[in-house]
Amino acid sequence: MTYLYVYAAVAGKVDAAALAGVPTLPDGGVPRALGLDRSVSLIVADVPPAIYNAETLETRLADLDWVAECGVAHHAVSDALAETSVVLPMRLFTLFSSEAVALATLRRSTSAIAAALKRVTGQQEWVLRIGRPETARLDTGAAKAPGVPSGTSFLRAKADARREEAERAQRVTTGAAQVYDTLRGLANAATTRVIEPGNTLLVDAAFLIAATKAAAFQEALSTAAAGLLRDGCPVSLTGPWPPYSFAAVEDTNG
């Protein structure tokens, strides 16, 4: 007896060669295609119940190295198929007690899966991260003339520096929100991720955009983020990715 792990749903048939060489889950079988219906395939693998049952899995989640290995294997499947197929990634650790249970459960969601696949056809996910200002990145302009400051000028300089830092903090907070709003207006969908207290990020967002608009999207970011870059904010845009953040089908483990 084995459990069935479901990586993703894919529109149409899957070329098995596309999955050749992808890493497997720890102690898991080789990823393979399983027909859900005539228009959708599931990418699945057999996994041992002794490791992937709910109780053991809950304990394993504390092992970050093990979870990271699972995450790499999970994402590798969608990444391998994304260039040639329309892929709808499932959540990490989407598990069923058998192939029959998986098919019966997910066939109840075929309409939702088909709609989600249609929604992401021709679309790419791009991830934007904007960080708080970093001293090493600041555009400080011309260097100040050397000299030994007086006590008064030293205190004035300290006050000026504090004022500039406060103004910069307000400026970049507003600027980061404006960049997100600008890019959201160009995307078919957008979502933000929760930023934990103490994190140095101002924005952690994902956008779903048409592949044909990727170049224009990047150009818009370059223009919109110019002020943030001058203020020393790290700005990164990564992609294209499979639509991990927009796989809205609620898959129920069983």
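A brief look at the structure comes next. Each chain has its residues counted from 1, following the order in which its sequence is written. Totals for whole chains, interfaces and linings use every residue, but because this is a predicted model, local features are given only for residues with pLDDT of at least 70 and side-chain atom pairs only at 80 or more, for both listing and counting. Note that water and hydrogens are dropped before the side-chain values are worked out from all heavy atoms of the structure.

A closer look at the environment of phenylalanine 96
A run of DSSP states H or I qualifies as a helix once it reaches four residues; a run of E qualifies as a strand once it reaches two. Both are numbered from the N-terminal end. If you trace the backbone, phenylalanine 96 turns up in strand S5 (residues 95–96). The buried label goes to any residue with under 20% of its type's maximum accessible area, the exposed label to any with over 50%, and the partly exposed label to all in between, with areas taken from a 1.4 Å probe on protein chains only. For phenylalanine 96, a relative accessible area of 1% puts it in the buried group. A C-alpha to C-alpha distance of 9.5 Å links phenylalanine 96 and asparagine 53, two positions 43 residues apart in sequence.

Some remarks on the environment of alanine 18
As for its position among the elements, alanine 18 is in the loop between strand S1 (3–11) and strand S2 (32–35). Alanine 18 sits 59 residues away from valine 77 along the chain, and the two C-alpha atoms are 8.9 Å apart. Residue contacts are defined here by distance: any two heavy atoms, one from each residue, within 4.5 Å place the two residues in contact. Once you skip the residues sitting within four places of it in the chain, alanine 18 turns out to touch Ala80 and Leu81.

Notes on the side chain of glutamate 125
In this fold, glutamate 125 is placed in strand S6 (residues 123–131). Within the local environment of glutamate 125, its side chain forms a polar contact with the backbone nitrogen of serine 245, the two atoms lying 2.7 Å apart. Polar contact is defined as a pair of N or O atoms within 3.5 Å, subject to the rule that within protein one atom must be able to donate a hydrogen and the other to accept it, and that residues adjacent in sequence are counted only when both atoms are side-chain atoms.

Regarding the pattern of salt bridges
The working definition used for a salt bridge is a side-chain nitrogen of Lys or Arg within 4 Å of a carboxyl oxygen of Asp or Glu. As enumerated under the stated definition, the model contains 7 salt bridges in all. Among the salt bridges present, the one from arginine 32 reaches glutamate 99, with a minimum N-O distance of 3.3 Å. Of this pair, arginine 32 sits in strand S2 while glutamate 99 is found in helix H4 (residues 99–107), placing the two residues 67 residues apart along the sequence. According to the relative accessible area criterion, glutamate 99 is partly exposed, its value standing at 33%. The residue arginine 193 makes a salt bridge to glutamate 125 at a minimum N-O spacing of 3.5 Å. Placement of arginine 193 in the loop between strand S7 (189–192) and strand S8 (201–210) and of glutamate 125 in strand S6 is noted, with a sequence separation of 68 residues between them. On the accessibility criterion, glutamate 125 (2% relative accessible area) is buried. Where salt bridges share partners, they join Glu125, Arg129, Arg193 and Asp204 into one cluster.

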